[in-house]
Amino acid sequence: MISVTPELKAVISLLEDTDPVVKESVDTYIKEHFAEIEYLLPDILDEWHFSRKESALLFDKMVAVNAELTMAELEKAVKEVPEDYIYEWFLLNKMILISADFTVMSASLISMANVLEQGITASDSPWKKAEVFNSAFFGKLGLVQLKSENIPLSALLPSEVTDTREGIPLVIDMLYVFLADMLGFPFRIYIQDGKFMPVWTSPDGYPLFFVDLDEEGRLLSPYDATGEREPGRVVTEDPSSLLAIYAAVLSDIFFASGENEKGRLMQMAHNVLTSA
């Protein structure tokens with residue numbers, strides 16, 4: 001069992017020290033022992049022998065270090081595993097919520113995917129697979145879109161939405177795409193006028209039909225969705241494009257609510273995602 005060591009207690013007592021050498025030593029220690037301190041954080045915050053000020057200083061420092069380390073992990077993930085959409089989405093989440101747990105989020109997504117794949121058979125046509133998927137996604141999962149002005153932080157973050165089943169429309173729409181991806185659906189993304197639609201594509205990339213998420217997954221022909229009479233000319237994007245959209249939207253939300261540090265974090269993340 002991990003416990004608060006005398007060394008960690010000493011580091012916590014030095015958080016107020018303004019000496020540059022001490023500050024650097026404290027930062028280095030926290031970065032090198034981040035995982036174990038993160039594990040102990042709830043207990044440390046409750047420890048009676050730490051003052052409220054010490055607890056607050058440690059929490060603020062952990063939040064800052066978490067953002068720095070998670071940003072570095074995002075940069076690495078984008079370069080090395082460019083199609084790991086869900087993990088990269090989680091990292092965006094983790095920058096904002098230090099307690100987010102990828103194992104827990106993954107387990108929730110797998111549970112949801114298991115519900116969605118019921119009734120789908122390999123011999124079903126793409127249209128039939130999408131209809132069965134839509135029926136479960138917009139029915140059995142019990143997802144609720146929150147559109148009011150007073151939206152809680154949890155509604156912005158996939159690690160929380162997979163638990164509460166309540167989120168802003170963008171998060172729920174992204175869940176649709178990424179859960180479909182987990183089931184092997186060959187969706188690409190069509191973006192037009194600030195709105196996106198998943199596009200079921202053939203093996204050679206030809207768009208077969210579009211999914212209108214604003215209409216509970218109504219399936220549309222390429223012409224009905226885009227007005228383009230030659231579907232092969234329709235430009236679609238990889239699902240990873242949604243991550244940059246998500247970072248940009250969260251940045252706007254945070255700046256609008258006066259949470260400038262979170263807004264800047266999402267701006268930085270957006271730059272990482274779009275420069276890859």
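Residues numbered from 1 in each chain as written. Predicted model: local features only at pLDDT ≥ 70, side-chain atom pairs only at ≥ 80, totals over all residues. Heavy atoms only, no water.

A. Local environment of a nonpolar patch on the surface. Together, L45, F59 and V63 give the surface a local cluster of nonpolar side chains, amounting to about 200 Å² of exposed area. By the secondary structure assignment, F59 is in helix α4 (residues 52-80). Taking the relative accessible area as the measure of exposure, F59 reaches 34% and is therefore partly exposed. (Patch = residues over 30% accessible without salt bridge, like charges linked within 9 Å, V, L, I, M, F, W, Y side chains within 5 Å. Areas by Shrake-Rupley, 256 points an atom, 1.4 Å probe, with all protein chains shown as cover. Salt bridge = Lys/Arg side-chain N within 4 Å of Asp/Glu carboxyl O. Helix = DSSP H or I, 4+ residues; strand = E, 2+ residues; numbered from the N terminus. Buried < 20%, exposed > 50% of the residue type's maximum accessible area, 1.4 Å probe, protein only.)

B. Focus on the packing of aromatic side chains. Inspection of every chain in the model, using the stated rule, returns 19 aromatic pairs. Aromatic side chains Y176 and F187 sit 6.1 Å apart centroid to centroid with 40 degrees between the ring planes, which places their arrangement in the tilted category. Within this pair, whereas Y176 is found in helix α9 (residues 169-182), its partner F187 is found in strand β3 (residues 187-192), the two being separated by 11 residues in sequence. By relative accessible area, F187 is classed as buried at 6%. Ring centres of F185 and F187 lie 6.1 Å apart, and the angle between their planes is 75 degrees; on these two criteria the pair is classed as edge-to-face. (Phe/Tyr/Trp six-rings, centres within 6.5 Å; stacked < 30°, edge-to-face > 60°.)

C. View of the nonpolar core. Counting 63 residues, the largest nonpolar core has L74, W89, L92, F137, L179 and Y246 as its most contacted members. Per-element tally for this core: the top contributor is α9, with 10 residues. Contacts of L179, omitting those with residues within four sequence positions, involve L109, M112, A113, L116, F133, F137 and L141. Counting residues in each nonpolar core, the second largest holds 18 residues, with L8, V11, L41 and I98 among its members. (Core = buried A, V, L, I, M, F, W, Y, C linked by side-chain atoms within 4.5 Å. Contact = heavy atoms within 4.5 Å.)

D. Layout of the UniProt feature "domain: Protein SirB1 N-terminal" (unreviewed entry) in the chain. With numbering aligned to this structure, UniProt lists the feature "domain: Protein SirB1 N-terminal" (unreviewed entry) at residues 107-224. Between the C-alpha atoms that bound residues 107-224 there is a distance of 37 Å. The span itself is 42% helix and 22% strand. (UniProt positions renumbered as here; feature names shortened; annotations may be inferred.)

E. Region of the structure containing the sheet that holds strand β5 (residues 207-212). In space, the 4 strands of this open sheet follow the order β3-β4-β5-β6, with antiparallel pairing throughout. Each edge of the open sheet is held by one strand with a lone partner, namely β3 and β6 (218-220). Strand-to-strand twist of the sheet, defined as the mean angle between neighbouring strand axes without regard to direction, takes the value 35 degrees. Taken strand by strand, helix α7 (residues 126-140) contacts β4 (195-201), β5 and β6, and its axis lies near 15 degrees from that of β5. Contacts between α9 and the sheet are confined to β3, β4 and β5, with β4 contributing the most and set at about 10 degrees to the helix. (Pairing = 2+ DSSP bridges. Axes fitted to C-alpha atoms, helices over the stretch in contact; angles between N-to-C directions.)

F. Region of the structure containing the side chain of T236. Here T236 lies in the loop between α10 (222-226) and α11 (241-256). Using a relative accessible area of 16% as the deciding quantity, one classes T236 as buried. A distance of 2.8 Å separates a polar atom in the side chain of T236 from a polar atom in the side chain of R188. Those residues in contact with T236 that sit more than four places away from it in its chain are R188, I189 and V199. (Polar contact = N/O pair within 3.5 Å; in protein donor to acceptor, adjacent residues only side chain to side chain.)

G. Spatial organisation of the pattern of salt bridges. One pass over the structure, following the stated rule, counts 9 salt bridges. Note that R233 and E230 form a salt bridge whose closest N and O atoms lie 3.9 Å from each other. In this structure R233 comes out as exposed when scored by relative accessible area, which is 56%. Connected through shared salt-bridge partners, K195, D212 and D214 make up one network.

H. Layout of helix α5 (residues 85-96). If you check α5, its first and last C-alpha atoms are 18 Å apart, about what 12 residues at 1.5 Å a residue would give, namely 16 Å. Counting buried residues along α5, 11 of its 12 residues qualify, which places the element largely inside the surrounding structure. Of all the residues in α5, the buried ones are Y85, I86, E88, W89, F90, L91, L92, N93, K94, M95 and I96. (Expected span 1.5 Å × (residues − 1).)

I. Seen up close, the packing of α5 against α11. Two elements in contact, α5 and α11, have axes whose closest approach is 10 Å; the angle formed by their N-to-C orientations is 15 degrees. On the basis of their axis angle, the class for α5 and α11 is roughly parallel. Our pair here, α5 against α11, has a crossing hand that is right-handed. Note on element contacts: α11 touches α5 through L243, Y246 and F254, opposite Y85, E88, W89, L92 and I96. A per-class count over the contact of α5 with α11 returns 7 nonpolar, no polar and 1 charged. (Parallel < 35°, antiparallel > 145°, perpendicular 65-115°, else oblique. Left-handed = near helix turned anticlockwise from the far one by under 90°. Nonpolar A, V, L, I, M, F, W, Y, C, P; charged D, E, K, R; others polar.)

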